[in-house]
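# Reading the structure
Letter by letter, the chains look like this.
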Amino acid sequence: MRPFTLNYALPRALPVTVTPYRFDALRQLNVLPDGRPAVADRALLRAVGTTTSTAGSQTHFDD
């Protein structure tokens, strides 16, 4: 028998997400597949909220 609390205590699998931009170490900012800075795509910013880089401090934005 499985205890009731284990239904909530065990982590569920995280959803698979695809980031539409990548970090360019040479330019030190996130870029889209076509090479433009990710902050230039307003639709992307509306969808994801920010383009915070995971390469450095989590408190600085690539703007």
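Please refer to the structure placed before this passage.
Quick summary incoming for the structure in this document. (Residues numbered from 1 in each chain as written. Predicted model: local features only at pLDDT ≥ 70, side-chain atom pairs only at ≥ 80, totals over all residues. Heavy atoms only, no water.)

The subject of this paragraph is the environment of Gln28. With respect to the helices, strands and loops of the structure, Gln28 is situated in the loop between β1 (22-24) and β2 (29-31). In terms of polar contacts, Gln28 uses its side chain to reach the backbone carbonyl oxygen of Ala25, at 2.6 Å. (Helix = DSSP H or I, 4+ residues; strand = E, 2+ residues; numbered from the N terminus. Polar contact = N/O pair within 3.5 Å; in protein donor to acceptor, adjacent residues only side chain to side chain.)

Another point: the pattern of salt bridges. Per the counting criterion, the structure on display carries one salt bridge. Among the salt bridges present, the one from Arg36 reaches Asp34, with a minimum N-O distance of 2.9 Å. On the basis of relative accessible area, Arg36 is assigned to the partly exposed category, the value being 37%. (Salt bridge = Lys/Arg side-chain N within 4 Å of Asp/Glu carboxyl O. Buried < 20%, exposed > 50% of the residue type's maximum accessible area, 1.4 Å probe, protein only.)

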